[in-house]
Amino acid sequence: MKRKGLLKLLCATMLLAVTIVYLPSCSNDEEGSEYWTVTLEDHYAPYQYDLEDMNMLPKSVFGMRDNGESLLFSENEIKGFSYEEGYVYVLRIKATPTLQQVGTCNPPPYTFELVEVISKKQPKIGPAI
C-alpha cells in the first residue's frame, strides 16, 4: 500500500517538475502568431463602402504577402507603423490570430504589429509612351 502511495507521489512530483521546466519556455509565438513579409503599394485604395449601411470605410492600402496573397490594410491597422502615401513599403509584420469575441459577427482574422521596415522607396515613374 505504501508503495502505491510513494509511486503516485513520485509521478505527481515529476509532472510538476516537467510543468515548471517547460512553462517558462513558452513564447507568444505559440499562440499562433506568424511573421509575414508584406509589400504595400504607394497609394491608398479607392474608397470603399460598407454595403449594409453604405458608410464609407477607413482609408486602406493594398498589400501583397510574400506568398502571393493579396491583402487590404486600413490606415492604422498595423500597430507601430504609419503609412506615408507615395512610397512602396516592404515590411516584416507579426500577424496574430484574433479570438472570436462573443457578440461580434465578423472580427478581423488577425491583429498586426510592425517588426521591421525592410524598405521604403518612391516608385520610379517611366517615360510616357
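The present account deals with the structure reproduced in this document.

Thresholds, definitions, all that
- Within each chain, residue numbers correspond to sequence positions counted from 1 in written order.
- Reporting of local features is limited, given that this is a predicted model, to residues whose pLDDT is at least 70; pairs of side-chain atoms are given and counted only at 80 or more, and all residues count toward the totals for whole chains, interfaces and linings.
- The basis for every side-chain value is the complete set of non-hydrogen atoms in the structure, without hydrogens or water.
- If DSSP finds at least two bridges between two strands, the strands pair.
- Helix numbers and strand numbers start at the N terminus; a helix is a DSSP run of H or I with at least 4 residues, a strand a run of E with at least 2.
- Throughout this description, the term nonpolar core refers to a set of buried Ala, Val, Leu, Ile, Met, Phe, Trp, Tyr and Cys residues connected via side-chain atoms within 4.5 Å.
- Three labels apply to residues, based on accessible area from a 1.4 Å probe with only protein chains included: buried if under 20% of the type maximum, exposed if over 50%, partly exposed otherwise in between.
- Residues are treated as being in contact if the distance between any of their heavy atoms lies within 4.5 Å.
- Stacked, tilted and edge-to-face pairs are distinguished by plane angle, under 30 degrees for stacked and over 60 for edge-to-face with tilted covering the rest, among Phe, Tyr and Trp rings (Trp via its six-membered ring) whose centres lie within 6.5 Å.
- Note on criteria: charge over ring means Lys NZ or Arg CZ within 6 Å of the ring centre, with the direction from the centre no more than 35 degrees off the ring normal.

## Quick word on the sheet that holds strand β3 (residues 70-74)
Sheet strands associate in pairs through backbone hydrogen bonding, adopting either a parallel or an antiparallel arrangement. Within the open sheet, the six strands sit side by side as β3-β2-β1-β5-β6-β4. Their pairing is mixed. Of all strands in the sheet, those with a lone pairing partner are β3 and β4 (78-79), marking the two edges. The pairing of strand β5 (residues 88-97) with strand β6 (residues 110-121) spans 10 bridges and is antiparallel. Bridge pairing in β6 links Arg92 to Glu116.

## Observations regarding the nonpolar core
Core analysis: the largest hydrophobic core is formed by 15 residues, its most contacted members being Leu40, Phe73 and Ile93. Among the elements of the structure, β1 (34-44), β3 and β5 are those that each provide at least two residues to this core. When sequence neighbours within four positions are dropped, the list of residues in contact with Leu40 reads Val61, Phe62, Gly63, Phe73, Phe81, Tyr83, Tyr87, Val88, Tyr89 and Leu91.

## Some words on the packing of aromatic side chains
This model, assessed by the stated rule, comprises seven aromatic pairs. Judged by centre distance (5.0 Å) and plane angle (70°), the rings of Trp36 and Tyr110 are edge-to-face. With Trp36 in strand β1 and Tyr110 in strand β6, the pair connects residues that are 74 residues apart, well separated along the chain. Look at Trp36 and you get buried, because its relative accessible area is 3%. Their ring planes at 90° and their centres at 4.9 Å tell us that Phe81 and Tyr89 sit as a pair that is edge-to-face. The pair Phe81 / Tyr89 is uniform in exposure class, with both members buried. Taken together, the aromatic side chains of Trp36, Phe73, Tyr110 and Phe112 make up a single cluster linked through ring pairs. In this structure, Arg65 packs its charged tip against the face of Trp36, placed 3.9 Å from the ring centre. Across the ring face of Tyr87, the terminal group of Lys120 is positioned such that the distance to the ring centre comes to 4.5 Å.

## Digging into the pairing of β1
Summarising the sheet, β1 and β5 pair through seven bridges and their orientation is antiparallel. Looking at the pairing, Glu34 lines up with Ala95 of β5.

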